[in-house]
Amino acid sequence: MKWKEALKSRRRLIIFGTLALCILLIAVLAPRFMPYDPVKAPLKDALQAPGGAHLCGTDTMGRDVFTRVVYGARISISNTMLLLGVVLVLGSFLGVIAGFFGGTVDTVIMRVSDIMIAFPDLILAIAIAGILGPNMINAITAIAVVSWPRYARLARSLVLKIKNRDYIYAAYITGSRNSYLLRQYFLPNILPTVIVTAATDVGTFMLSLASLSFLGFGVQPPTPEWGYMLSEGRTYMQSAPWLMIYPGIAIFIVVSVFNLFGDAVRDLFDPKADVTKNL
Amino acid sequence: MFKEVSMKKSVAATILAISMVAAISGCSNPAAPAATTAAPAAETNAAAAVETAAAPAAETTAAAAETPSAGKTELNVAVELMATTNEASIDWDSWYVQRYGVAECLVRNGDSGSFEPWLAESWEVADDNLTWTFKLRDDVKFSNGVDMTATKVVESIERLYDITDPEKGGNGLPQGYMTYSSISADDAAGTVTIVTENPTPDMPGVVAYPWMFIMDVEGSKDIDTVAMAPICTGPYVMTSFTEGLSSELVRNEYYYDDVPFEKVNIMRVAESASRTMALQDGSADMAINIAAADQELLESDSNITVDRAAGSRICVTFMNFENKFLADKTLRDAINMAIDGETIASVTTRNAYLYGFAPVPSSYDFGYDELTNPTPYDVDAAVKLLDDAGIVDNDGDGIRELNGENIELNYVVQANRSMDLIGQAISAQLADIGIAAPIQLVEHLNDYLSNKNYDLINASYVTMPTGDPGSFFSHWRTDFIDNYCGYSNSEFDETFDAMKGEFDAAKRREYIIQLQQILLDDSAMHVNGYFTTNIAYTNKIKDVFNNPSDFYWVNKNIKPAE
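Since the structure is predicted, the reported quantities are computational estimates derived from the model, not experimental observations. (Residues numbered from 1 in each chain as written. Chains lettered and ligands numbered in written order. Predicted model: local features only at pLDDT ≥ 70, side-chain atom pairs only at ≥ 80, totals over all residues.)

## A closer look at the overall build of chain A
What chain A contains, in helices and strands, is 10 helices and 0 strands. Taking the principal axes of the C-alpha coordinates as reference, chain A spans close to 75 × 55 × 30 Å. For chain A, buried positions account for 43% of its 279 residues. In chain A, once contacts between residues fewer than 6 apart in sequence are set aside, the share between residues at least 24 apart is 70%. (Helix = DSSP H or I, 4+ residues; strand = E, 2+ residues; numbered from the N terminus. Buried ≥ 20, exposed ≤ 12 C-beta atoms within 10 Å, placed from the backbone. Contact = placed C-beta atoms within 7 Å.)

## Here's the deal with the interface of chain B and chain A
Listed as interface residues are 29 residues of chain B and, on the opposing side, 32 residues of chain A. Secondary structure elements with two or more residues in the side of chain B that touches chain A: α7 (272–280), α8 (292–299), α10 (341–348), α12 (419–432) and β17 (439–442) of chain B. Counting residues per element, the side of chain B that touches chain A draws most heavily on α12 of chain B, which supplies 5 residues. Partitioning the side of chain B that touches chain A into residue classes produces 17 nonpolar, 6 polar and 6 charged. (Nonpolar A, V, L, I, M, F, W, Y, C, P; charged D, E, K, R; others polar.)

## What to know about the domain arrangement of chain B
All names here are of chain B. For chain B, the domain assignment lists domain 1 (72–303 + 539–560) and domain 2 (310–533). Spacing between the C-alpha centres of domain 1 and domain 2 amounts to 30 Å. Taken residue by residue, the interface counts 26 residues in domain 1 and 27 residues in domain 2. Those elements giving two or more residues to the side of domain 1 that touches domain 2 turn out to be α5 (173–177), α6 (203–208) and α8. Each residue belonging to the side of domain 1 that touches domain 2 can be placed in one class, and the counts come to 14 nonpolar, 8 polar and 4 charged. (Domains from an automatic or database assignment.)

## Looking at the confidence of the model for chain A
A residue-level look at chain A finds 93% of positions with pLDDT of 70 or above and a mean pLDDT of 87. The secondary-structure element of chain A with the lowest mean pLDDT is helix α1 (residues 2–9) of chain A, recorded at 65, while helix α4 (residues 103–118) of chain A shows the highest, at 93. (pLDDT = per-residue confidence, 0-100.)

## What to know about the pairing of strand β12 (residues 304–319) of chain B
All names here are of chain B. Pairing of β12 with strand β19 (residues 525–538), which is carried by 12 bridges, proceeds in the antiparallel orientation. When the sheet's bridge partners are listed, isoleucine 304 is paired in β19 with threonine 538. Across 7 bridges, β12 lies against strand β18 (residues 456–462) in antiparallel orientation. Of the residues in β18, the one forming a bridge with arginine 313 is valine 462. (Pairing = 2+ DSSP bridges.)

## A short note on the packing of helix α9 (residues 329–338) of chain B against helix α11 (residues 379–388) of chain B
All names here are of chain B. Axis separation between α9 and α11 bottoms out at 8 Å; the angle between their running directions is 160°. It follows that α9 is roughly antiparallel to α11 by the angle criterion. Relative to α11, α9 is oriented so that their crossing is left-handed. Contacts from Thr330, Asp333, Ala334, Met337 and Ala338 in α9 reach Val379, Ala381, Ala382, Leu385 and Leu386 in α11. (Axes fitted to C-alpha atoms, helices over the stretch in contact; angles between N-to-C directions. Parallel < 35°, antiparallel > 145°, perpendicular 65-115°, else oblique. Left-handed = near helix turned anticlockwise from the far one by under 90°.)

Laid out in structure tokens, this is it:
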């Protein structure tokens, strides 16, 4: 059957898609099954090695590391998705506007995006987060501010590609309003590419948020977030390495899975892809 | 056509290659920065960790490697903190100028507790209890070769008091310990005479305080003391200073005693784990303040010694009396009762602190056993106290309300000497009883304290900087310049004033006990415990001593091990 064949040739997509889905399910559901509270601090249990009652040991406040890693999944993933959504919508919107209307609007938007691209992105994000104050919303804002140019340029180029096509002119001449053109023609055209780009960027955004939290510009204690947990574990690198190992493994797994999933999605849409890659 | 295309391609490729080479060679050598890492580490990688520790020390390792340990000529010191300036009149920056071995005072806090002569050979006070005469050493020269005369000493002290004069907008800190009605020099006899305005029993301690270091005012007038240390008398002379990063010192050729090292490198290594690794790989010979977690690790290393000292430094949590919630005594009592100080000190900070509820450390004889703690740790009693007073959570959000508002306190915390761990633990315990006190991590405390820009704040103080805790209580004396919490109690003020001029040691002790009890009864603050300072050093050097006063790090005694 056709769909069986389609599945076979999309093995990577299935595998990583399932893994990504598992991670999302864990992030959403698993916290309910955790025996320990991620925030309450039973001080007397501090810095216990993994084993026994605590699978991954406890941190300096006595909190169970495994519980915090699982709760951290919820925070890291939800914040990354929020960031992704913001950048996607903002970047695409600005790119479409620039491409569609052209002229001064295009020039202004593109020059602003050039300025943003000229800065090293993480440094600028740190500066912005430092000025705004340390909390997750500001961290998301900071990274969104430095990341939207990519999507804007992508959306703009996709819009420009079809802007002068005959069927667009035809629709325009027959009286379609701009909003109709945008909704009916341009949006469906840019959506696949932009979504694929977003899928491959999940890992990058997650690492950027973790970096800002690691430096103290993201979540504030006692919120469990992987980047911040890595930062807390630094002082105990030699005496209690489990504080860094488990959040580190979590970041590694989640970022890898989403990166590979994004690659598989891209291969799905890319007709020139080497078929032997989809094994 | 095929040839043209490949010609274009090869030209383009060549241009690209050239520009890449130019770009790469244009990159300058990465200057070794301090150990703050920005890499979003995916996993603990011991190799990566050693890289980040070794990279900042790469310069010094290269330098040290040139001199075999038999003829060790350089001392490498890894420190947690550095001051932003080298100016004696700015905050507590003078501590560092003295700690680096650049500056000396007239008197020194002896290693075994009592005061020792330093630039002054001896001192005495006249019967009026106001006139102090200091006899100076006659063989001291400043590092520029100029003799240190009594006149020079007076100039140095007058300069400090002039800049810090509160009437001229100064910070008034030295004046808080002692003010003088006259100061005079007798160059022929080599004496300095200071007549204090009020009886000052702890005068030797006052002149031993770091900001009283003796500098050559005339010789330093072209030096910007913010960016460079002034000309002083110590064993080492500062040659470079990069704020927050490093400082380099060389031997003072005019020093009155032997100076073991040619060069001293001070490296700021903010992370305790990195300081530990710097000791382990030899890029630092001594490291200041190793975190408790790593002390156990280092003690099992036979090449490294950890010298601990229980000094008079405490961590106190000030409560801002100008905050609308903290003005309520029931709330303050409940806060004190909700905090498990014992566990925080012994478990959370891993015995970096010794728990005690009183401001003056229990190891000193100032009545710790005679004091009563009206608010010992008892969570149930704290909850009951709040419930009975009607401070309850009406809207179910987990936070109690006082006068209709959620009790939310801004808790300012600095990550230094485990105060961030204490802050997190306290914040968690207050959250358990329904008081929201989320912590705000900051780099420098001074502005938050002096502007009272906090509700709760963790501060670290040496309670007996002059050998006597009397001055420490100025933090609660009404209208005093270092009263950062807005506390005001007339009984406290009267007792404080009486204590200040009291020369009789037994009477002073009584006053100090009373002052402590008043603060405890009022729940004016929360004492977290008494800090154990430490200096860890490798077997490449010897005669390192961690003085309990915390004033001295590099000194003339530290020498290469044979």
